[in-house]
Amino acid sequence: MIEDEDDEFEDELSGGPAKRGDFNANAIGLRGGIHLIPSYFLNAALASYGNSLCRDKPGNWGEQNGLVKVDGCNFYVGGDYIRRVTRAFDVSVGVGYLHIQPPDSLWLDNDEWDRDSCTVDEGSGSSCNLGAADYTEIDLRMFTAEVNFIGRGTLYRNSDVEVQLGGGGGVGIGVLIGDGVRRTPLGPNPGSPGDAGSCQTLADTADFRKCTPRYYNDVGIDQDGDGMREPNDDHIDPSTAEVDGNGGNAPGGRISTGSSFARCSRDKCDGGDLGAFNATETNGTWPVYPVINLFGSFRVIIKDSFGISIEGGIKDGFFFGGGMQYYFGGGGKDK
(Lines give C-alpha, C1' and ligand atoms only; values in the text may rest on other atoms or scores of the structure.)
Protein backbone atom coordinates (compact mmCIF):
# COMPACT_ATOMS: atom_id res chain seq x y z
CA MET A 1 0.00 0.00 0.00
CA ILE A 2 2.80 2.40 0.87
CA GLU A 3 4.61 1.50 -2.39
CA ASP A 4 1.50 2.31 -4.48
CA GLU A 5 1.17 5.69 -2.76
CA ASP A 6 4.83 6.48 -3.53
CA ASP A 7 4.30 5.65 -7.22
CA GLU A 8 1.25 7.89 -7.38
CA PHE A 9 3.18 10.73 -5.73
CA GLU A 10 6.04 10.39 -8.30
CA ASP A 11 3.49 10.44 -11.12
CA GLU A 12 2.02 13.69 -9.82
CA LEU A 13 5.47 15.33 -9.65
CA SER A 14 6.37 14.31 -13.19
CA GLY A 15 3.06 15.42 -14.68
CA GLY A 16 1.90 11.93 -15.70
CA PRO A 17 2.62 8.25 -15.46
CA ALA A 18 6.32 7.48 -15.83
CA LYS A 19 7.35 5.61 -18.95
CA ARG A 20 8.79 2.28 -17.87
CA GLY A 21 10.21 -0.81 -19.51
CA ASP A 22 11.98 -1.23 -22.85
CA PHE A 23 13.15 1.65 -25.04
CA ASN A 24 14.78 1.93 -28.44
CA ALA A 25 18.51 1.83 -27.84
CA ASN A 26 19.67 2.62 -31.37
CA ALA A 27 19.35 5.76 -33.47
CA ILE A 28 20.61 7.42 -36.60
CA GLY A 29 20.73 11.17 -36.78
CA LEU A 30 21.60 14.27 -38.75
CA ARG A 31 23.15 17.39 -37.24
CA GLY A 32 24.37 20.79 -38.31
CA GLY A 33 25.09 24.29 -37.12
CA ILE A 34 27.27 27.39 -37.10
CA HIS A 35 30.98 27.30 -36.22
CA LEU A 36 32.77 30.39 -34.89
CA ILE A 37 36.37 31.26 -34.04
CA PRO A 38 36.05 34.28 -31.69
CA SER A 39 37.85 37.35 -32.96
CA TYR A 40 39.36 38.08 -29.55
CA PHE A 41 41.53 34.97 -30.00
CA LEU A 42 42.92 36.43 -33.24
CA ASN A 43 43.09 39.97 -31.89
CA ALA A 44 45.66 38.88 -29.30
CA ALA A 45 48.25 38.31 -32.03
CA LEU A 46 47.09 40.32 -35.04
CA ALA A 47 46.59 44.01 -35.81
CA SER A 48 44.70 43.29 -39.05
CA TYR A 49 42.78 40.11 -39.96
CA GLY A 50 39.52 38.69 -41.31
CA ASN A 51 36.97 36.30 -39.82
CA SER A 52 33.73 34.56 -40.81
CA LEU A 53 31.02 35.83 -38.47
CA CYS A 54 27.81 35.45 -40.53
CA ARG A 55 27.36 39.20 -40.83
CA ASP A 56 28.35 41.97 -43.21
CA LYS A 57 30.05 44.51 -40.92
CA PRO A 58 32.87 44.19 -38.36
CA GLY A 59 31.02 46.29 -35.76
CA ASN A 60 32.47 48.85 -33.36
CA TRP A 61 34.61 46.38 -31.41
CA GLY A 62 35.98 44.87 -34.60
CA GLU A 63 36.86 48.22 -36.14
CA GLN A 64 38.82 49.14 -33.01
CA ASN A 65 40.61 45.81 -32.85
CA GLY A 66 41.83 45.15 -36.39
CA LEU A 67 38.92 43.10 -37.74
CA VAL A 68 38.68 44.34 -41.32
CA LYS A 69 36.60 41.64 -43.06
CA VAL A 70 33.75 39.43 -41.79
CA ASP A 71 32.33 37.80 -44.92
CA GLY A 72 30.75 34.34 -44.91
CA CYS A 73 29.85 31.72 -42.32
CA ASN A 74 31.71 28.73 -40.98
CA PHE A 75 29.46 25.71 -40.43
CA TYR A 76 29.33 21.97 -39.90
CA VAL A 77 27.01 19.14 -41.00
CA GLY A 78 27.15 15.44 -40.22
CA GLY A 79 25.48 12.15 -39.51
CA ASP A 80 25.69 9.85 -36.49
CA TYR A 81 24.93 6.40 -35.20
CA ILE A 82 23.84 6.69 -31.57
CA ARG A 83 23.77 3.91 -28.98
CA ARG A 84 21.69 4.61 -25.88
CA VAL A 85 23.58 2.64 -23.27
CA THR A 86 20.98 3.80 -20.75
CA ARG A 87 18.29 6.47 -20.91
CA ALA A 88 20.83 8.86 -19.39
CA PHE A 89 23.99 7.95 -21.32
CA ASP A 90 24.71 7.82 -25.07
CA VAL A 91 27.70 6.93 -27.20
CA SER A 92 27.65 8.62 -30.62
CA VAL A 93 29.89 7.80 -33.60
CA GLY A 94 29.68 10.14 -36.56
CA VAL A 95 31.18 11.55 -39.72
CA GLY A 96 30.79 15.07 -41.00
CA TYR A 97 32.01 18.08 -42.91
CA LEU A 98 33.51 21.14 -41.18
CA HIS A 99 33.70 24.33 -43.26
CA ILE A 100 36.27 26.88 -42.04
CA GLN A 101 36.95 29.42 -44.78
CA PRO A 102 37.18 33.05 -43.65
CA PRO A 103 37.49 35.82 -46.26
CA ASP A 104 40.81 36.65 -47.87
CA SER A 105 42.36 39.49 -45.92
CA LEU A 106 45.62 41.18 -45.03
CA TRP A 107 46.97 39.72 -41.80
CA LEU A 108 49.42 41.91 -39.94
CA ASP A 109 51.17 41.00 -36.69
CA ASN A 110 50.78 43.21 -33.64
CA ASP A 111 54.55 43.75 -33.48
CA GLU A 112 54.39 45.29 -36.98
CA TRP A 113 51.62 47.74 -36.09
CA ASP A 114 51.26 49.26 -32.63
CA ARG A 115 47.59 50.13 -32.22
CA ASP A 116 48.34 52.54 -29.38
CA SER A 117 50.76 54.70 -31.35
CA CYS A 118 50.40 54.05 -35.11
CA THR A 119 48.18 56.18 -37.31
CA VAL A 120 49.89 55.97 -40.74
CA ASP A 121 52.40 53.66 -42.38
CA GLU A 122 56.01 54.57 -41.57
CA GLY A 123 57.72 51.92 -43.71
CA SER A 124 60.05 48.98 -43.17
CA GLY A 125 61.96 48.85 -39.89
CA SER A 126 59.32 50.80 -37.98
CA SER A 127 56.57 49.61 -35.62
CA CYS A 128 54.02 51.03 -38.09
CA ASN A 129 54.74 48.88 -41.13
CA LEU A 130 51.75 47.96 -43.29
CA GLY A 131 54.10 46.46 -45.88
CA ALA A 132 54.75 43.57 -43.48
CA ALA A 133 51.18 42.32 -43.96
CA ASP A 134 50.45 39.10 -45.83
CA TYR A 135 47.59 38.53 -48.24
CA THR A 136 46.18 35.51 -46.39
CA GLU A 137 43.94 32.84 -47.86
CA ILE A 138 42.54 30.27 -45.40
CA ASP A 139 40.74 27.14 -46.58
CA LEU A 140 40.46 24.63 -43.74
CA ARG A 141 37.53 22.63 -45.05
CA MET A 142 37.74 19.09 -43.73
CA PHE A 143 35.96 15.78 -43.37
CA THR A 144 35.62 14.68 -39.75
CA ALA A 145 35.17 11.44 -37.84
CA GLU A 146 34.22 11.69 -34.17
CA VAL A 147 33.13 9.69 -31.13
CA ASN A 148 31.21 11.51 -28.39
CA PHE A 149 29.98 10.53 -24.96
CA ILE A 150 26.85 12.32 -23.71
CA GLY A 151 25.13 12.17 -20.35
CA ARG A 152 21.70 13.73 -19.81
CA GLY A 153 19.37 13.98 -16.85
CA THR A 154 15.62 13.57 -17.36
CA LEU A 155 13.61 16.75 -16.83
CA TYR A 156 10.28 15.19 -17.73
CA ARG A 157 9.08 11.80 -18.98
CA ASN A 158 5.72 10.16 -19.64
CA SER A 159 4.40 7.62 -22.12
CA ASP A 160 4.66 10.07 -25.06
CA VAL A 161 7.63 12.35 -24.51
CA GLU A 162 11.02 12.40 -22.83
CA VAL A 163 12.83 15.70 -22.13
CA GLN A 164 16.50 15.64 -21.19
CA LEU A 165 19.30 18.09 -20.42
CA GLY A 166 23.00 17.44 -20.04
CA GLY A 167 26.24 17.49 -21.95
CA GLY A 168 29.34 15.62 -22.91
CA GLY A 169 32.45 15.58 -24.99
CA GLY A 170 34.53 13.56 -27.37
CA VAL A 171 37.43 13.40 -29.77
CA GLY A 172 38.01 12.81 -33.44
CA ILE A 173 40.06 13.74 -36.45
CA GLY A 174 39.59 16.15 -39.34
CA VAL A 175 41.13 15.32 -42.72
CA LEU A 176 41.96 18.49 -44.65
CA ILE A 177 40.34 18.74 -48.08
CA GLY A 178 40.83 22.50 -48.51
CA ASP A 179 43.96 24.29 -49.70
CA GLY A 180 45.16 25.10 -46.18
CA VAL A 181 46.73 28.49 -45.48
CA ARG A 182 48.44 30.55 -48.19
CA ARG A 183 50.32 33.78 -47.44
CA THR A 184 51.62 36.23 -50.04
CA PRO A 185 53.60 39.27 -48.81
CA LEU A 186 52.02 42.65 -49.49
CA GLY A 187 55.49 44.14 -49.99
CA PRO A 188 57.35 47.31 -48.95
CA ASN A 189 55.99 50.79 -49.70
CA PRO A 190 52.42 49.48 -50.12
CA GLY A 191 50.02 51.18 -52.45
CA SER A 192 47.99 50.45 -55.58
CA PRO A 193 48.24 50.98 -59.35
CA GLY A 194 48.26 54.71 -60.05
CA ASP A 195 48.19 55.67 -56.37
CA ALA A 196 51.36 54.99 -54.42
CA GLY A 197 49.90 56.59 -51.28
CA SER A 198 46.61 54.69 -51.14
CA CYS A 199 47.71 52.25 -48.41
CA GLN A 200 48.45 54.39 -45.36
CA THR A 201 46.15 53.40 -42.50
CA LEU A 202 45.00 50.14 -40.94
CA ALA A 203 41.50 50.75 -42.32
CA ASP A 204 42.93 50.78 -45.85
CA THR A 205 43.82 47.07 -45.52
CA ALA A 206 40.10 46.26 -45.87
CA ASP A 207 40.24 47.19 -49.57
CA PHE A 208 42.67 45.39 -51.89
CA ARG A 209 42.23 48.20 -54.41
CA LYS A 210 44.05 50.44 -51.92
CA CYS A 211 46.53 47.93 -50.47
CA THR A 212 47.28 45.82 -53.54
CA PRO A 213 49.73 42.90 -53.41
CA ARG A 214 52.73 43.61 -55.64
CA TYR A 215 55.67 41.61 -56.90
CA TYR A 216 58.97 42.60 -55.35
CA ASN A 217 62.36 40.96 -55.05
CA ASP A 218 62.24 39.35 -51.61
CA VAL A 219 65.83 38.76 -50.53
CA GLY A 220 64.73 35.87 -48.32
CA ILE A 221 63.07 33.86 -51.10
CA ASP A 222 64.48 32.33 -54.29
CA GLN A 223 61.58 33.47 -56.45
CA ASP A 224 62.95 32.53 -59.87
CA GLY A 225 64.06 29.09 -58.69
CA ASP A 226 67.69 29.29 -59.81
CA GLY A 227 69.03 28.29 -56.41
CA MET A 228 70.61 31.69 -55.82
CA ARG A 229 69.53 34.73 -53.88
CA GLU A 230 70.99 37.94 -52.55
CA PRO A 231 73.69 38.75 -51.51
CA ASN A 232 74.97 36.42 -54.26
CA ASP A 233 75.70 38.84 -57.12
CA ASP A 234 75.94 36.23 -59.88
CA HIS A 235 72.21 36.22 -60.43
CA ILE A 236 69.33 37.69 -58.45
CA ASP A 237 65.59 37.70 -58.97
CA PRO A 238 64.19 40.44 -61.23
CA SER A 239 63.42 43.72 -59.55
CA THR A 240 60.00 45.31 -59.29
CA ALA A 241 61.00 47.84 -61.94
CA GLU A 242 62.08 45.06 -64.31
CA VAL A 243 58.73 43.29 -63.98
CA ASP A 244 56.92 46.57 -64.63
CA GLY A 245 59.14 47.19 -67.65
CA ASN A 246 58.76 43.76 -69.27
CA GLY A 247 54.96 43.63 -69.26
CA GLY A 248 54.47 41.80 -65.97
CA ASN A 249 56.71 38.81 -66.70
CA ALA A 250 57.38 37.69 -63.11
CA PRO A 251 59.39 34.65 -61.88
CA GLY A 252 56.29 32.44 -61.64
CA GLY A 253 54.61 33.58 -64.86
CA ARG A 254 53.02 36.65 -66.41
CA ILE A 255 50.90 38.94 -64.22
CA SER A 256 47.53 39.60 -65.85
CA THR A 257 47.73 43.38 -65.34
CA GLY A 258 50.95 43.62 -67.34
CA SER A 259 52.60 45.23 -64.32
CA SER A 260 53.99 44.25 -60.94
CA PHE A 261 50.54 44.65 -59.27
CA ALA A 262 48.08 41.79 -58.98
CA ARG A 263 44.56 42.25 -60.33
CA CYS A 264 42.27 42.80 -57.34
CA SER A 265 38.72 43.75 -56.48
CA ARG A 266 37.85 45.14 -53.08
CA ASP A 267 37.63 41.67 -51.53
CA LYS A 268 39.65 39.32 -53.75
CA CYS A 269 42.90 39.17 -55.68
CA ASP A 270 43.62 36.98 -58.70
CA GLY A 271 45.23 33.74 -57.53
CA GLY A 272 47.18 33.35 -60.76
CA ASP A 273 48.75 36.76 -60.31
CA LEU A 274 49.75 35.96 -56.73
CA GLY A 275 51.22 32.69 -57.97
CA ALA A 276 53.26 34.58 -60.55
CA PHE A 277 55.09 36.37 -57.73
CA ASN A 278 56.43 32.95 -56.68
CA ALA A 279 56.55 34.18 -53.09
CA THR A 280 53.45 32.51 -51.65
CA GLU A 281 54.09 30.37 -48.57
CA THR A 282 51.90 27.33 -47.97
CA ASN A 283 53.56 25.84 -44.89
CA GLY A 284 51.90 25.84 -41.49
CA THR A 285 48.97 23.50 -42.19
CA TRP A 286 48.60 19.79 -41.45
CA PRO A 287 46.89 17.07 -43.48
CA VAL A 288 45.05 15.87 -40.35
CA TYR A 289 43.77 17.90 -37.40
CA PRO A 290 42.51 16.79 -33.98
CA VAL A 291 38.84 17.49 -33.28
CA ILE A 292 38.04 18.09 -29.62
CA ASN A 293 34.42 18.49 -28.52
CA LEU A 294 32.91 19.77 -25.28
CA PHE A 295 29.25 20.73 -25.29
CA GLY A 296 25.87 21.03 -23.63
CA SER A 297 22.82 19.22 -25.02
CA PHE A 298 19.03 19.54 -24.75
CA ARG A 299 16.97 16.70 -26.25
CA VAL A 300 13.29 15.80 -26.71
CA ILE A 301 12.29 12.26 -27.75
CA ILE A 302 8.72 11.74 -28.98
CA LYS A 303 7.02 8.32 -28.85
CA ASP A 304 10.45 6.73 -28.36
CA SER A 305 10.96 7.17 -32.11
CA PHE A 306 11.82 10.74 -33.11
CA GLY A 307 14.25 13.07 -31.40
CA ILE A 308 15.18 16.74 -31.67
CA SER A 309 18.34 18.10 -30.03
CA ILE A 310 19.89 21.53 -29.50
CA GLU A 311 23.60 21.68 -28.75
CA GLY A 312 26.32 24.23 -28.24
CA GLY A 313 29.91 24.30 -27.05
CA ILE A 314 33.44 23.83 -28.34
CA LYS A 315 34.46 22.06 -31.55
CA ASP A 316 37.92 23.46 -32.39
CA GLY A 317 36.18 26.80 -31.95
CA PHE A 318 32.65 27.53 -30.71
CA PHE A 319 29.54 26.05 -32.28
CA PHE A 320 25.77 26.18 -31.93
CA GLY A 321 23.37 23.90 -33.74
CA GLY A 322 20.96 21.03 -33.53
CA GLY A 323 19.94 17.70 -34.93
CA MET A 324 17.19 15.17 -35.58
CA GLN A 325 17.23 11.47 -34.73
CA TYR A 326 15.25 8.36 -35.53
CA TYR A 327 15.18 5.69 -32.77
CA PHE A 328 14.61 2.00 -33.50
CA GLY A 329 15.37 -1.61 -32.62
CA GLY A 330 14.39 -1.87 -28.99
CA GLY A 331 17.11 -3.36 -26.81
CA GLY A 332 17.06 -0.77 -24.05
CA LYS A 333 16.09 -1.62 -20.45
CA ASP A 334 15.32 0.73 -17.59
CA LYS A 335 17.69 0.24 -14.68
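What you see as residue numbers is a count from 1 along each chain, following the sequence as written. Reporting of local features is limited, given that this is a predicted model, to residues whose pLDDT is at least 70; pairs of side-chain atoms are given and counted only at 80 or more, and all residues count toward the totals for whole chains, interfaces and linings. To get the side-chain values, take all heavy atoms of the structure and skip hydrogens and water.

Peer 1: Any chance you could explain the overall build of the protein here in plain terms?
Peer 2: Of regular secondary structure, the protein possesses five helices and 15 strands. Taken over the C-alpha trace, the protein has a radius of gyration of 28 Å; the compact-globule value for 335 residues is 20 Å, which it surpasses by more than 25%. Taken over the C-alpha atoms alone, the protein extends approximately 100 × 40 × 30 Å along its principal axes. When each of the 335 residues of the protein is scored for burial, the buried share is 45%. Within the protein, contacts between residues at least 6 apart in sequence are counted, and of these 64% link residues at least 24 apart. Secondary structure elements follow DSSP: runs of H or I of four or more residues count as helices, runs of E of two or more count as strands, with numbering from the N terminus. This radius of gyration counts C-alpha atoms alone. The globule rule is 2.2 Å times how many residues there are, raised to the power 0.38. Each residue is placed in one exposure class: buried if its accessible area under a 1.4 Å probe, protein chains only, is under 20% of its type's maximum, exposed if it is over 50%, and partly exposed if it falls in between. By definition, residues are in contact when any of their heavy atoms lie within 4.5 Å.

Peer 1: I tried to follow the sheet that holds strand β1 (residues 23-36) on my own but got confused; where do I start?
Peer 2: Two orientations exist for strands paired in a sheet by backbone hydrogen bonds: parallel and antiparallel. Strands are labelled as partners when DSSP assigns at least two bridges between them. The strand order around the closed barrel built from eight strands is β1-β4-β5-β8-β9-β13-β14-β15, with neighbouring strands paired in antiparallel fashion. Averaged over neighbouring strand pairs, the angle between their axes works out to 25° when direction is ignored. In this sheet, strand β14 (residues 306-315) lies alongside strand β13 (residues 288-302) in antiparallel orientation, the contact comprising ten bridges. Its bridge partner being in β14, Phe 295 is matched across the sheet by Gly 313. Only the stretch in contact is used when fitting a helix axis, every axis being a line fitted to C-alpha atoms; angles between N-to-C directions are given from 0 to 180 degrees.

Peer 1: Explain the state of the cysteines to me, please; I cannot follow it from the model alone.
Peer 2: Each disulfide is one covalent bond, formed between the sulfur atoms of two cysteines. Note that a disulfide, as used here, is simply two cysteine sulfur atoms within 2.5 Å. Counted under the stated rule, the structure contains four disulfides. With its sulfur 2.1 Å from that of its partner, Cys 54 forms a disulfide with Cys 73. Of this pair, Cys 54 sits in the loop between β2 (46-50) and α3 (59-64) while Cys 73 sits in the loop between β3 (67-69) and β4 (74-84), placing them 19 residues apart in sequence. Looking at Cys 54, the relative accessible area reads 34%, which means it is partly exposed. Put simply, Cys 199 and Cys 211 are joined by a disulfide, and their sulfur atoms are 2.0 Å apart. With the S-S dihedral at roughly 95°, the linkage between Cys 199 and Cys 211 falls on the right-handed side. Placement of Cys 199 in the loop between β10 (180-185) and α4 (240-245) and of Cys 211 in the loop between β10 and α4 is noted, with a sequence separation of twelve residues between them. The two residues Cys 199 and Cys 211 agree in class, both being buried. Across the protein, the disulfide pattern expressed with sequentially numbered bonded cysteines is 1-2, 3-4, 5-6, 7-8.

Peer 1: For this particular structure, what's the right way to read the layout of surface pockets?
Peer 2: Roughly 310 Å³ of volume is contained in the largest pocket. Only protein atoms enter the 1 Å grid used here, on which a cavity is any set of points holding a 1.4 Å probe that cannot leave and a pocket is any open set flanked by protein within 12 Å on both sides along at least five of seven lines; residues with an atom within 4 Å of a point are listed as lining. What lines the largest pocket is a set of 18 residues, and nearest its centre among them are Ile 37, Leu 42, Ile 100, Trp 107 and Leu 140. In this classification, Asp, Glu, Lys and Arg are treated as charged, Ala, Val, Leu, Ile, Met, Phe, Trp, Tyr, Cys and Pro as nonpolar, and every other residue, Gly included, as polar. Looking at the lining of the largest pocket residue by residue, the class counts come to twelve nonpolar, five polar and one charged. By volume, the second largest pocket is sized at about 220 Å³. Lining of the second largest pocket is provided by Pro 58, Glu 63, Gln 64, Asn 65, Gly 66, Leu 67, Val 68, Leu 202, Ala 203, Ala 206 and Arg 266. Elements with a contribution of two residues or more to the lining of the second largest pocket: α3 and β3. Looking at the lining of the second largest pocket, its residues break down into six nonpolar, three polar and two charged. Grid points are joined across faces, edges and corners, and a volume is the space filled by probe spheres set on the points.

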